[in-house]
Amino acid sequence: MTAEQTEPPVVIEALTAAHADEVLAIYQAGIDEGNATFETAAPAWEVFDAAKLAEHRFVALDPEGGGAGTGSARTGGSGRVLGWIAVAPVSPRAVYAGVVEHSVYVHPGARGRGVARALLDALIASTEAAGIWTIQAGVFPENTASIAVHLRAGFRAVGVSERVGRHHGTWRDVQLLERRSPVVG
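Conventions and cut-offs
Residues numbered from 1 in each chain as written. Predicted model: local features only at pLDDT ≥ 70, side-chain atom pairs only at ≥ 80, totals over all residues. Heavy atoms only, no water. Buried < 20%, exposed > 50% of the residue type's maximum accessible area, 1.4 Å probe, protein only. Helix = DSSP H or I, 4+ residues; strand = E, 2+ residues; numbered from the N terminus. Pairing = 2+ DSSP bridges. Right-handed = clockwise from strand over helix to strand, strands pointing away. Contact = heavy atoms within 4.5 Å. Polar contact = N/O pair within 3.5 Å; in protein donor to acceptor, adjacent residues only side chain to side chain. Salt bridge = Lys/Arg side-chain N within 4 Å of Asp/Glu carboxyl O. pLDDT = per-residue confidence, 0-100. Patch = residues over 30% accessible without salt bridge, like charges linked within 9 Å, V, L, I, M, F, W, Y side chains within 5 Å. Areas by Shrake-Rupley, 256 points an atom, 1.4 Å probe, with all protein chains shown as cover. Axes fitted to C-alpha atoms, helices over the stretch in contact; angles between N-to-C directions.

**Examining the pairing of strand E4 (residues 99-106)**
Right, on to step 1. Counted residue by residue, E4 has six buried out of eight residues, so it is predominantly covered.
Right, on to step 2. Summarising the sheet, strand E3 (residues 81-89) and E4 pair through seven bridges and their orientation is antiparallel. The residue bridging Trp84 from the neighbouring strand is Tyr105, located in E4.
Right, on to step 3. By the bridge criterion, three bridges tie E4 to strand E5 (residues 134-139) in an arrangement that is parallel. Paired with Val100 across the bridge in E5 is Ile135.
Right, on to step 4. Chirality of the crossover, the property in question, places the unit of E4, helix H3 (residues 115-129) and E5 among those that are right-handed.

**Focus on the environment of Ala51**
Right, on to step 1. When you line up the elements, Ala51 lands in helix H2 (residues 45-51).
Right, on to step 2. In this structure Ala51 comes out as partly exposed when scored by relative accessible area, which is 40%.
Right, on to step 3. Discounting residues that sit within four places of it in the chain, Ala51 has contacts with Val87, Ala88 and Pro89.

**Details of the side chain of His19**
Right, on to step 1. Considering the arrangement of structural elements, one finds His19 in the loop between strand E1 (11-14) and helix H1 (20-33).
Right, on to step 2. In this structure the side chain of His19 is engaged in a polar contact, spanning 3.0 Å, whose partner is the side chain of Glu13.

**Quick notes on the pairing of E3**
Right, on to step 1. The element E3 is extensively covered by neighbouring structure, given that eight of its nine residues are classed as buried.
Right, on to step 2. Two elements, strand E2 (residues 57-61) and E3, share five bridges in a ladder whose sense is antiparallel. Considered in E3, the bridge of Phe58 is made with Ile85.

**Here's the deal with the pattern of salt bridges**
Right, on to step 1. Within the structure shown, the criterion is met by eight salt bridges.
Right, on to step 2. Close ionic contact of Arg179 with Glu128 constitutes a salt bridge, the shortest N to O distance being 3.0 Å. With Arg179 in strand E7 (residues 170-180) and Glu128 in helix H3, this residue pair connects regions lying 51 residues apart in the sequence. Glu128 matches Arg179 in its accessibility class, with the two residues each being buried.

**Concerning the confidence of the model for the protein chain**
Right, on to step 1. For the protein chain, per-residue confidence averages 90 on the pLDDT scale, and residues scoring 70 or more make up 89% of the total.
Right, on to step 2. Of the regions scoring below 50 in pLDDT, residues 1-5 engages in two contacts with residues more than four places distant in sequence or in other chains.
Right, on to step 3. Overall, residues 69-77 carries pLDDT values under 50, and its contacts beyond four positions in sequence, including any with other chains, amount to 17 contacts.

**Comments concerning a nonpolar patch on the surface**
Right, on to step 1. On the surface, a cluster of nonpolar side chains totalling about 240 Å² of accessible area is made up of Val90, Val95 and Tyr96.
Right, on to step 2. For Tyr96, the position within the fold is in the loop between E3 and E4.

**Things to note about the sheet that holds strand E6 (residues 156-167)**
Right, on to step 1. Read from one edge of the open sheet, seven strands run E1-E2-E3-E4-E5-E7-E6, paired in mixed fashion. The strands lining the two open edges of the sheet, one partner per strand, are E1 and E6. The mean inter-strand angle of the sheet, taken between neighbouring strand axes irrespective of direction, is 25°.
Right, on to step 2. With four bridges joining them, E1 and E2 adopt antiparallel strand pairing. If you follow Glu13 over to E2, its bridge partner there is Val59.
Right, on to step 3. Lying on the sheet, H1 is in contact with E2, E3 and E4; it crosses E3 at an angle near 85°.

**Quick word on the environment of His102**
Right, on to step 1. Tracing the chain through its elements places His102 in strand E4.
Right, on to step 2. For the pair His102 and Gln136, spaced 34 residues apart in sequence, the C-alpha separation works out to 6.3 Å.
Right, on to step 3. Not counting residues up to four positions away in its chain, the partners in contact with His102 are Ile85, Ala86, Val87, Leu120, Leu123, Ile135, Gln136, Ala137, His150 and Phe155.

This is the structure in structure tokens:
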């Protein structure tokens with residue numbers, strides 16, 4: 001690819017059970033790298049599915065049907081899953097009905113293609129249309145690429161929870177990020 005050529009844009013669609021194997025494989029790849037989450041293993045699809053709000057979860061697909069490397073080919077859709085994003089409510093209390101926490105993961109072979117930003121943009125549009133005014137994230141400070149893409153997408157750094165949890169026997173800090181909608185009040 002020459003400097004003038006760019007990667008084709010990704011296709012964003014709703015994350016469904018049809019994407020389960022690839023989504024969970026990408027999640028596990030992030031877990032295995034060590035700077036994505038306190039989790040040590042991706043959950044079963046049923047657990048993942050129950051924890052995420054169905055109307056605010058998306059996958060980025062390779063429009064050319066190729067892929068990021070590993071992952072099984074699916075039937076239907078535009079191509080292999082390059083990344084995913086999903087939200088969970090931060091609290092069952094009514095006062096927090098407009099606040100969600102999100103996770104975004106990109107296949108290691110698809111990084112640098114704008115996948116995370118495309119997923120964040122889709123999530124922001126979806127949540128704002130539903131009246132959600134705040135999207136939160138907790139990111140390990142060492143995950144500088146994730147922090148940077150969030151800041152470019154309009155998130156702000158709120159602070160750092162120091163030594164908030166143990167990860168493989170080591171206390172870890174978490175950078176807190178949030179995006180307040182300028183259109184939902």
